[in-house]
Amino acid sequence: MRALSLVCTLNSSPTASSSQALSDQVMAEFDKLGVGTETVRVADHDVHSGVAADLGNGDAWPALREKVLAADILLIATPIWLGHPSSVCQRVLERLNADMSETGDDGRPLMYGKVAAVAVVGNEDGAHKVSADVFQGLNDIGFTLAANAVTYWVGEAKHGTDYQDLDETPDSVSSATHALAVNAHHLAELLGRTPYPAP
């Protein structure tokens, strides 16, 4: 089984990122379950704007799309900006949208049988709203959501602490991260054994 995290921070590497930090914790939980993991910071790649699988002219999305297609579990990690997922996250959803009506040789939509989850960080309230936005997009595209398929951390309004700067992970975040990984892994195993019927 394979899990892919697309980290949608606005910052390219090697800049530190709270979204990356929370993603790394989720991937560590998957590692404990024997799941092969890979993390991609999307801002490190030239992903063009649009809703096609390949926009040419150096578009980096086709290579990232192949990683999505090879994964059983997709994690989207995003910060909150102005109460919304990052623009990088929105671009990922828009590019995934190109596969909404694509089917495999078995007649099933390409993303059927793949499990999705979300990790959200921010310095104000809004994690439920952001995860709801991303959940809806992923579900429209054909991903399946496990129970408790989100982990998040938000600090108090108008303060300057980042998740990556915390001295230790709050117990509530650790618990949510663990539940996300265990439930997503369980659901991916079930879907692997009993796939959805072709529409």
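Residues numbered from 1 in each chain as written. Predicted model: local features only at pLDDT ≥ 70, side-chain atom pairs only at ≥ 80, totals over all residues. Heavy atoms only, no water.

A closer look at the pattern of salt bridges
This model, assessed by the stated rule, comprises seven salt bridges. The shortest N-O distance in the salt bridge between Glu29 and Lys32 comes to 3.3 Å. With Glu29 and Lys32 both in helix H1 (residues 18–32) and three residues apart, this pair spans about one turn of that helix. According to the relative accessible area criterion, Glu29 is buried, its value standing at 14%. Among the ionic pairs, Arg108 bridges to Asp106, the shortest N-O distance being 2.6 Å. Judged by its relative accessible area of 21%, Arg108 is partly exposed. In the salt-bridge network here, residues are joined through shared partners; they are Arg65, Glu66 and Asp99. (Salt bridge = Lys/Arg side-chain N within 4 Å of Asp/Glu carboxyl O. Helix = DSSP H or I, 4+ residues; strand = E, 2+ residues; numbered from the N terminus. Buried < 20%, exposed > 50% of the residue type's maximum accessible area, 1.4 Å probe, protein only.)

Some thoughts on the layout of surface pockets
Approximately 330 Å³ is the volume found for the largest pocket. Taken together, 19 residues line the largest pocket, and the ones lying closest to its centre are Pro79, Ile80, Trp81, Asn123 and Asp162. Those elements that place two or more of their residues in the lining of the largest pocket are H1, strand S3 (73–81) and strand S5 (115–122). Residue composition of the lining of the largest pocket, by class: nine nonpolar, eight polar and two charged. (1 Å grid on protein atoms, 1.4 Å probe; cavity = no way out; pocket = protein on both sides within 12 Å on 5 of 7 lines; lining within 4 Å. Points joined across faces, edges and corners; volume = space filled by probe spheres on them. Nonpolar A, V, L, I, M, F, W, Y, C, P; charged D, E, K, R; others polar.)

Things to note about helix H2 (residues 61–70)
Among the residues of H2, Trp61, Leu64, Arg65 and Val68 are the ones counted as buried. Seen from one end, H2 has its buried residues packed into an arc of 105 degrees, which puts them on one side. Its buried side turned inward, H2 meets strand S1 (2–7), strand S2 (36–41), S3 and helix H3 (87–96). (Arc of directions from axis to C-beta. Contact = heavy atoms within 4.5 Å.)

Focus: the nonpolar core
Within the largest apolar cluster, 56 residues are counted, with the highest numbers of intra-cluster contacts made by Leu6, Phe30, Leu74, Ile76, Leu96, Leu138 and Phe143. When neighbours within four sequence positions are excluded, Leu138 is seen to be in contact with Leu74, Ile76, Leu93, Leu96, Ala116, Val118 and Phe143. (Core = buried A, V, L, I, M, F, W, Y, C linked by side-chain atoms within 4.5 Å.)

Concerning unusual backbone geometry
Pro14 follows Ser13 through a cis peptide bond whose omega is 10 degrees. Along the chain, Pro14 turns up in the loop between S1 and H1. Although it is not a glycine, Asn57 sits at a positive phi angle of roughly 50 degrees. On the secondary structure map, Asn57 appears in the loop between S2 and H2. A relative accessible area of 76% means that Asn57 is categorised as exposed. Phi is positive for Leu82, close to 55 degrees, though the residue is something other than glycine.

Regarding the state of the cysteines
For the coordinates displayed, the defined rule picks out zero disulfides. Not part of a disulfide, Cys8 finds its nearest cysteine sulfur in Cys89, a span of 4.6 Å. What makes Cys89 buried here is its relative accessible area of 0%. (Disulfide = S-S within 2.5 Å.)

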